[in-house]
Amino acid sequence: MEHRSLILLGLLMGQSQHGYQINEFIEKNLSIVTDMKKSTAYATLDKLHQKGFIDIKFEQKGNRPIRKVYSINERGRKYFYQLLLNNLSSAESVNYQGDIGLMFIDFLPMDQAIPALKERLKKNKTLIDQLKQTPVHVNQTGVNLAVEHKITMLEAEISFLEKTIQSLLYSN
């Protein structure tokens, strides 16, 4: 839950927001770092409220339904900074789901395995092209760093796949 809490508290550091705003921002802007679903975001916001890290106000505008507005409080800011420092200083052991297929590649004939790897390579190149279209955020170094990190990781994956495909082609 820590990475989810970090995301939600980080979004509230800028301003108070209602759940729809938070979920819309996550969906449109943070899909490169999280696949958090709306239900998970709401459940995490409720847990953060129960633990005393965020406050909830109820607001109604016009004939619209009443909505919850979430705000980070002082205790939440302290927790946010703790989570942020832990996250920045942690080493990650990344588990790539694609490595599972690599472990069992010997069970496929190479005339099937190599085209599959070429397709994976093509998809990764498409992903990197999409990420490179991300506009530079002038006043948000952190966003730029997250995008650059994702690009760097994809470049490493592309390089690995190119070498692997060549190696498999010449070993047959």
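All values derive from a computational prediction rather than experimental measurement.

Cut-offs used in this document
- Residues numbered from 1 in each chain as written.
- Predicted model: local features only at pLDDT ≥ 70, side-chain atom pairs only at ≥ 80, totals over all residues.
- Heavy atoms only, no water.
- pLDDT = per-residue confidence, 0-100.
- Helix = DSSP H or I, 4+ residues; strand = E, 2+ residues; numbered from the N terminus.
- Contact = heavy atoms within 4.5 Å.
- Expected span 1.5 Å × (residues − 1).
- Buried < 20%, exposed > 50% of the residue type's maximum accessible area, 1.4 Å probe, protein only.
- Arc of directions from axis to C-beta.
- Patch = residues over 30% accessible without salt bridge, like charges linked within 9 Å, V, L, I, M, F, W, Y side chains within 5 Å.
- Areas by Shrake-Rupley, 256 points an atom, 1.4 Å probe, with all protein chains shown as cover.
- Salt bridge = Lys/Arg side-chain N within 4 Å of Asp/Glu carboxyl O.
- Core = buried A, V, L, I, M, F, W, Y, C linked by side-chain atoms within 4.5 Å.
- Phe/Tyr/Trp six-rings, centres within 6.5 Å; stacked < 30°, edge-to-face > 60°.

Describe the confidence of the model for the protein chain, naming the residues involved and giving the relevant values.
For the protein chain, mean pLDDT is 89; residues scoring 70 or higher make up 98% of the total. When pLDDT is averaged over each element of the protein chain, helix α4 (residues 74-89) comes out on top at 95 and helix α2 (residues 19-29) at the bottom at 78.

Talk me through the side chain of Asn124; I want residue IDs and the actual numbers.
Residue placement: Asn124 occurs in helix α6 (residues 110-132). Aside from chain neighbours lying at most four places away, what touches Asn124 is Leu154, Glu157, Ile158 and Leu161.

Any details on helix α3 (residues 38-50)? Residues and values, ideally.
Taking 1.5 Å per residue, 13 residues should reach 18 Å; α3 reaches 18 Å between its end C-alpha atoms and fits that length. Turning to α3, its buried residues number three or more, namely Ala41, Thr44, Leu45 and Leu48. For α3, the arc enclosing every buried residue in end-on projection is 105 degrees, short of the 170-degree limit, so these residues lie on one face. Turned more than 90 degrees from where α3 packs its buried face, Ser39 and Gln50 sit exposed. Looking at the buried positions of α3, the neighbouring elements they touch are α1 (2-14), α2, β2 (54-59), β3 (67-72) and α4.

Let's hear about a nonpolar patch on the surface: which residues, and what values?
Taken together, the side chains of Ile100, Met103, Phe104 and Phe107 define a hydrophobic patch exposed on the protein surface, amounting to about 510 Å² of accessible area. We classify Met103 as exposed; its relative accessible area is 61%.

Explain the nonpolar core to me, using residue names and the numbers behind them.
Among soluble globular proteins, nonpolar side chains are generally buried collectively. Membership of the largest hydrophobic core comes to 21 residues, with the highest contact counts inside it found for Leu8, Leu9, Ile22 and Ile26. Only α1, α2, α3, β2, β3 and α4 provide two or more residues apiece to this core. By residue number, the principal contributor to this core is α1, which donates six residues. Listed in part, the 14 residues of the second largest apolar core include Ala113, Ile114, Ile128 and Leu154.

Now, about the packing of aromatic side chains: what can you tell me, with residues and values included?
Under the defined criterion, the tally for this structure stands at three aromatic pairs. Summarising the aromatic geometry, the rings of Phe80 and Tyr81 are spaced 5.4 Å apart at their centres and angled 65 degrees between planes, so their arrangement reads as edge-to-face. For Phe80, a relative accessible area of 10% corresponds to the buried category. For Tyr81, a relative accessible area of 45% puts it in the partly exposed group. Seen in terms of ring centroids, Phe104 and Phe107 are 6.3 Å apart; in terms of plane orientation they differ by 35 degrees. Their pairing is tilted.

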